Amino acid sequence: VGEGFELATPDEELSLGVRVLNQVDFKNFIPNDLDPAISGLYLPRTRFYFTGRLTRPIEYEVSVQRSVEGVIDLLDGFVNFNFNEGFQIKFGRSIVPYSFDWYDHLEPYFITPERSLFPLNFGLSRQAGLMAWGYLGEGRLEYAVGGFSGGSIGIADDNTTRDAVGYVNWRPFLTDERFPRLRYLNLGGSIAGGLTVRPEAERPIPLRTSIQSTENSREAAAASITFLDFEEDVRALGDRVQGTLHLAYYGGGWSIESEVQAGGFQYKKMGSPFQPRVPVIGYHVTAAYFLTGEEPPDRTLIVPLRPFDPLHGQYGPGAFEAFARISQIHLGEEVFAFDLADEDFWARDAYLTDVGFNWYVNRFVKFYVDWQHANFGSPVLVNIRDGDRSRHSDLFWIRCQIWF
Amino acid sequence: VGEGFELATPDEELSLGVRVLNQVDFKNFIPNDLDPAISGLYLPRTRFYFTGRLTRPIEYEVSVQRSVEGVIDLLDGFVNFNFNEGFQIKFGRSIVPYSFDWYDHLEPYFITPERSLFPLNFGLSRQAGLMAWGYLGEGRLEYAVGGFSGGSIGIADDNTTRDAVGYVNWRPFLTDERFPRLRYLNLGGSIAGGLTVRPEAERPIPLRTSIQSTENSREAAAASITFLDFEEDVRALGDRVQGTLHLAYYGGGWSIESEVQAGGFQYKKMGSPFQPRVPVIGYHVTAAYFLTGEEPPDRTLIVPLRPFDPLHGQYGPGAFEAFARISQIHLGEEVFAFDLADEDFWARDAYLTDVGFNWYVNRFVKFYVDWQHANFGSPVLVNIRDGDRSRHSDLFWIRCQIWF
Amino acid sequence: VGEGFELATPDEELSLGVRVLNQVDFKNFIPNDLDPAISGLYLPRTRFYFTGRLTRPIEYEVSVQRSVEGVIDLLDGFVNFNFNEGFQIKFGRSIVPYSFDWYDHLEPYFITPERSLFPLNFGLSRQAGLMAWGYLGEGRLEYAVGGFSGGSIGIADDNTTRDAVGYVNWRPFLTDERFPRLRYLNLGGSIAGGLTVRPEAERPIPLRTSIQSTENSREAAAASITFLDFEEDVRALGDRVQGTLHLAYYGGGWSIESEVQAGGFQYKKMGSPFQPRVPVIGYHVTAAYFLTGEEPPDRTLIVPLRPFDPLHGQYGPGAFEAFARISQIHLGEEVFAFDLADEDFWARDAYLTDVGFNWYVNRFVKFYVDWQHANFGSPVLVNIRDGDRSRHSDLFWIRCQIWF
């Protein structure tokens, strides 16, 4: 459908498609005198996707990502047995069916540059696992249920954790002629339970506002405000339970997405007898509207009605989509009471407001222009050199993305 | 031949073929209470091969591997000058012509999921070098001889070692009409000598049963039982000589492979005046039989006679191949006498029995189902947390592999 | 043009070209008893380029490099808005328009295997940035001006630096019928200013003779003589200004390139109150001549007039190009006076002479054969085990390169 390239053998039994994603960020923090966060250019994601068929019902994907840290690793590597639309089995490393914000659509189709606060910091990302999934009722009900190897710092999995995950998305009016305007209404939720049986080698990664990271690297720290950093001797250990409920609507040029998330995460401070469970809740509401008339049925490829393509005499403006999002996260007082993090420097409440627009130059090139205002429940250490703390922070953010 | 994709310029002088390998392992250790080994999902190999011609006689390969540690690196990178079938020169990084188990066929064509004990732990893997090789006598005699940069921990080569390697494989009856059943009988051997002139930065990697690894990483340790771990202050230093003899037979649906290996490896315990030479011997015998009628002439692509391809009305079972292997390794008493490893925790004898089957769903998708029983000559530390030691261990192992 | 492969959609609006570069080095140091430098085989560069169009005026490149350290990372990742030949905007990670030796042509087209001393050690390599560039006057004047995220150890950018860079290359007689022999005369220069606002985590990388490296790794140290290594507690901190002037001529089979470079680089010795600025000057003059009649207009793809291609009955010698280069670098006495490096072990003057030839077997395969003699202003520590120091060193160097 105009996305990527596909090679296939003459009998069409074997195919290889190639897709590429590259994102370049310009981030300007206000005030500018922060440390480790620093204004500048970042390369959050470069991805190569290789996908196709190995005879018709067997599909595969092998993809590779270079993340902001400069680390290249396997993103996905799975085989999908597509018995029929309603029952498919996926085996290998793939995205975990947890949270609409994670599972429903890929990064290039986001409204805002990155996910909202809870999924950004407590999402299950990609893991190795076995998963049954499919679409029932002519596509009205999407489900996925699986067992996964568990989330972990770093992309290499040392399997000290286990996850069981289930996901449902229901589009009740998808095939109902009576309510055409509600056709692309999505309702659903997901639930995940996991167990970390041995302490990881490193503490959990810090909580951040504008980057998704699998390593606690210098580069990740430079690319975002951190609002909660765990103490050196804290480890994820014990159980985790987390659930989400979502409501999303697409239609008439509008994209409206909302999700509430809640979870409990057990930690261990080494040397301490306790294994406190920290409750975390979050939500986000995002709304976007195409000013240029496009009316996508979900977050997918946008083909601008009036693309910018001067060599074909097309001087259209491309597509413009204005957006706004509010997103909040709240951690229980246990995080400070059990000395998992230092109350003097970090906050257990964060509140983000994003306002901006997306400019789709053509099918392949998209600019995100975002103003992100962050408020914190208590002063946050924004400059570790000077010891400066602040209850808020602003970020002006331009992302240039190519995707085909 | 139905494998991979190839692009070529119209004059066919330049070509680029793309091939992909992805393996996903489910490993269940019995008993399950081990540390660092842990049951779970692993991604032992993801590979991208790019191969082709640079005008007809000049061939190249550049390939990249992602191994279980999450490290992506160059696998092969060489140019081959194909003057004629009998005399070819290969320059660059490639597989070293040592051991039938390593050199004769690629990983996707294995009978058992991984190599036998000696090649798994003392193989020469891939190195940069210059090598002459070819097929003489209408393919009856394959030879290879070369100089290589030497094996080393990690995939980046810091060239503190040197290797000279020679390999011969003889198929005496390949073109002999009188003994059609012996056509694919293989006899041969290989020899390698090397010198490590400076101590590496790290100790040698531990000896393991079910994973091949170039780094002593947490992930590699989790994916396999370790039966001998060198002391922290031990380094490979001095000379190495190792040889192999093999006998393999393919025909009538059978694959029978056997090899004996012997070598001497010099080590140095830092601070000690000695540089003990540890003799190591090993062997394996592997037998496999296709229950579904396929009769391959060597370990190569299997096209099932009755593939599973429901969209073309083919509901065949694919190909089934039952296999069994015994494999043993024995290290000299020097390894304990000179305190290279701790006798209380590790064994210098290991004996593996593998029984299982391979299911070739179609040309591209293969499942290995293996039961691996390991016996050790003395109790081995299988749980470093509790200090538990054991003389045996079982592993139930499923590998899903795609290869095209 | 016979280079690489290109896929395109039927409407030619989206295209994906694939190009591959692989280099294998044999380096023999004389004398051979050096440490950490050691004779052997090295893999300095393996690159995959993915380039193309995203509708006609919008071009992209995403490329990946594996360097001598075994590290794979993003090389380039940018979008270029090609409004017209004279005005283009490039956004993302790309080569910085500083120094003719860096910006004019890609590595596969080099005369000598690596760049000359100043660009090799003080070049700006690749950075994320925003750049305007183009060709004016029917190609006679090439310009580029941009802002970049600043050079840094390692390929992941943690953005503690900023660079502004400008570049001009003028071919005054390119379209002038009166002086056909001066058609490919190039005159120009570049200037770059930067600021490092926070000390990096590591000291600057050492100065070397025959490898370009972004990490101070064991492998990089093994692959080249080091003539100046900074003290452990030295950091790049403060401003940098550097400029170059170049004169190059191509024609009649000749390639003549020359450049002078000068700069001032501020460093900080931790614990010391000073931030000394070290002046550095350098130059190189390189001449090469095709013995086999090829007459390229610049450093670009060479199609040998008589290629070696026996399968098409072509037994030509390929193309031969003899070359010689002198290259010098001089650092101010501040580098020793402020204890940035140890005068007893390192030199602040280095002088390289390269003599050799390039053999272009065909369009895709090139061998560099180089004798490199290095002289140092004072004895340099060439064997850290024995403490041997020397004022000179020789290197016999063969590089096998494939590029398509």
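Note that the coordinates shown come from a computational prediction; the quantities given were computed from them, not determined experimentally. (Residues numbered from 1 in each chain as written. Chains lettered and ligands numbered in written order. Predicted model: local features only at pLDDT ≥ 70, side-chain atom pairs only at ≥ 80, totals over all residues. Heavy atoms only, no water.)

**Some remarks on the overall build of chain A**
Part 1: The number of helices and strands found in chain A is four helices and 22 strands.
Part 2: Scaling as 2.2 N^0.38, a compact globule of 404 residues should have a C-alpha radius of gyration of about 22 Å, and chain A matches this with 21 Å.
Part 3: For chain A, the proportion of its 404 residues judged to be buried stands at 63%.
Part 4: Considering only intrachain contacts with a sequence separation of at least 6, the fraction spanning at least 24 residues in chain A is 63%.
Part 5: For chain A, the centre of its 36 positive side-chain charges and the centre of its 53 negative side-chain charges are spaced 1 Å apart. (Helix = DSSP H or I, 4+ residues; strand = E, 2+ residues; numbered from the N terminus. Rg over C-alpha atoms; globule rule 2.2 N^0.38 Å. Buried < 20%, exposed > 50% of the residue type's maximum accessible area, 1.4 Å probe, protein only. Contact = heavy atoms within 4.5 Å. Lys, Arg positive; Asp, Glu negative; His and termini not counted. Charge placed at Lys NZ, Arg CZ, Asp CG, Glu CD.)

**Here's the deal with the interface of chain A and chain C**
Think of interface size as the accessible area that goes away when the parts come together; that is how it is often given.
Part 1: Of the residues lining the interface, 43 residues belong to chain A; the matching set on chain C comes to 42 residues.
Part 2: Buried surface at the junction of chain A and chain C, both sides included, amounts to about 3,400 Å², of which 72% is carbon and sulfur.
Part 3: Three residues, F5, L41 and R218 of chain A, lead the burial of chain A against chain C; their summed loss comes to 20% of the area buried on that side.
Part 4: Joining chain A to chain C, the criterion identifies one salt bridge.
Part 5: A salt bridge links D73 of chain C to R66 of chain A; the nearest nitrogen and oxygen atoms lie 2.6 Å apart.
Part 6: Counting residues per element, the side of chain A that touches chain C draws most heavily on strand β2 (residues 15-30) of chain A, which supplies five residues. (Buried area = accessible area lost by both parts, 1.4 Å probe. Salt bridge = Lys/Arg side-chain N within 4 Å of Asp/Glu carboxyl O.)

**Observations regarding the packing of aromatic side chains**
Part 1: Tallying each qualifying case throughout the model produces 67 aromatic pairs over all chains.
Part 2: Ring plane angle 20° and centroid distance 5.5 Å describe the contact between W359 of chain A and F367 of chain A, whose orientation is recorded as stacked.
Part 3: Here the aromatic residues F81, F83 and F87 of chain A together with F320, F357, W359 and F367 of chain B are joined through ring pairs into a cluster of three or more.
Part 4: Lying across the ring of W397 of chain A, K27 of chain A places its NZ or CZ 4.5 Å from the centre. (Phe/Tyr/Trp six-rings, centres within 6.5 Å; stacked < 30°, edge-to-face > 60°. Lys NZ or Arg CZ within 6 Å of the ring centre and 35° of its normal.)

**Details of the relation of the copies chain A and chain B**
Part 1: The transform that puts chain A on chain B rotates by 120° and translates by 0.1 Å along the axis, for an RMSD of 0.0 Å. Both copies are brought into coincidence by an operation consistent with a three-fold rotation axis. Closest approach to the rotation axis within chain A is made by the C-alpha atom of I72 of chain A, at a distance of 4.0 Å.
Part 2: In this assembly the copies use different faces: only 5% of the residues contributing to the interface of chain A also contribute to that of chain B. (Least-squares fit on C-alpha atoms with pLDDT ≥ 70 in both.)

**What to know about the pairing of strand β15 (residues 277-290) of chain C**
All names here are of chain C.
Part 1: Only one face of β15 is covered, namely the one carrying V278, V280, G282, H284, T286, A288 and F290; the face carrying R277, P279, I281, Y283, V285, A287 and Y289 has none of its residues buried.
Part 2: The sheet contact formed by β15 and strand β18 (residues 319-331) spans eleven bridges and is antiparallel. By the bridge assignment for β18, F290 is matched with E321. (Pairing = 2+ DSSP bridges.)

**Focus on the pattern of salt bridges**
Part 1: A full pass over the atoms with the stated rule returns 52 salt bridges over all chains.
Part 2: A salt bridge links R399 of chain B to E114 of chain B; its shortest N-O distance comes to 2.8 Å. Here E114 of chain B lies in the loop between α1 (100-103) and α2 (117-122) and R399 of chain B lies in strand β21 (residues 388-403), a separation of 285 residues in the sequence. E114 of chain B carries the same exposure label as R399 of chain B, and that label is buried.
Part 3: The partner of E321 of chain C in a salt bridge is R299 of chain C, and the shortest N-O contact between them spans 2.7 Å.

**Section: the interface of chain A and chain B**
Part 1: Across the boundary between the two partners, chain A contributes 42 residues, which contact 43 residues of chain B.
Part 2: Here chain A meets chain B over a buried area of about 3,400 Å², counting both sides, of which 72% is carbon and sulfur.
Part 3: Counting the contacts that link chain A with chain B gives one salt bridge.
Part 4: Joining chain A to chain B, the criterion identifies four residue pairs in polar contact (both at pLDDT 80 or more).
Part 5: Counting residues per element, the ones that place at least two in the side of chain A that touches chain B are β1 (5-8), β2, β5 (58-67), β6 (72-84), β7 (87-95) and β8 (126-136) of chain A.
Part 6: The biggest single contributor to the side of chain A that touches chain B is β6 of chain A, with seven residues.
Part 7: Each residue belonging to the side of chain A that touches chain B can be placed in one class, and the counts come to 23 nonpolar, nine polar and ten charged. (Polar contact = N/O pair within 3.5 Å; in protein donor to acceptor, adjacent residues only side chain to side chain. Nonpolar A, V, L, I, M, F, W, Y, C, P; charged D, E, K, R; others polar.)

**Considering the pairing of strand β2 (residues 15-30) of chain C**
All names here are of chain C.
Part 1: Of all the 16 residues making up β2, 13 are buried; the element is thus mostly covered by neighbouring parts of the structure.
Part 2: As paired elements, strand β1 (residues 5-8) and β2 share four bridges and run antiparallel to each other. Residue pairing in the sheet places E6 in a bridge with G17 of β2.
Part 3: In this structure, the hairpin formed by β1 and β2 is closed by a connection of six residues, where E12 is found at a positive phi of approximately 60°.

**Quick notes on the confidence of the model for chain A**
It should be kept in mind that the predicted coordinates are not to be read in detail where pLDDT is low.
Part 1: Mean pLDDT over chain A works out to 91, with 96% of the residues at or above the 70 mark.
Part 2: Across residues 153-157 of chain A, confidence stays below pLDDT 50; counting only partners more than four residues off in sequence or on other chains, it has 25 contacts. (pLDDT = per-residue confidence, 0-100.)

**Section: the side chain of R45 of chain B**
Residue and element names in this part refer to chain B.
Part 1: As for its placement among the helices and strands, R45 is situated in strand β3 (residues 40-53).
Part 2: The class of R45 is buried, set by a relative accessible area of 4%.
Part 3: For R45, the side chain forms a polar contact with the side chain of Q212, separated by 3.1 Å.
Part 4: Residue contacts for R45: discarding those within four places in its chain leaves L21, N22, Q23, Q65, R66, E107, E114, R115, Q212 and R399.

**Some thoughts on the relation of the copies chain A and chain C**
Part 1: Overlay of chain A on chain C (RMSD 0.0 Å): rotation 120°, translation along the axis 0.0 Å.
Part 2: Comparing interface residues between copies, only 5% of those in chain A also lie at the interface in chain C; the contact surfaces differ.

**Observations concerning unusual backbone geometry**
Part 1: Cis geometry is found at the peptide bond from D35 of chain A to P36 of chain A, where omega equals 10°.
Part 2: Mapped onto the elements of the fold, P36 of chain A is located in the loop between β2 and β3 (40-42).
Part 3: The linkage connecting I30 of chain C with the following residue, P31 of chain C, adopts the cis geometry, with an omega of 0°.
Part 4: You can see P31 of chain C is positioned in the loop between β2 and β3 (40-53).
Part 5: Even without being glycine, S99 of chain B reaches a positive phi, approximately 75°.
Part 6: Here S99 of chain B is to be found in the loop between β6 (87-95) and α1.

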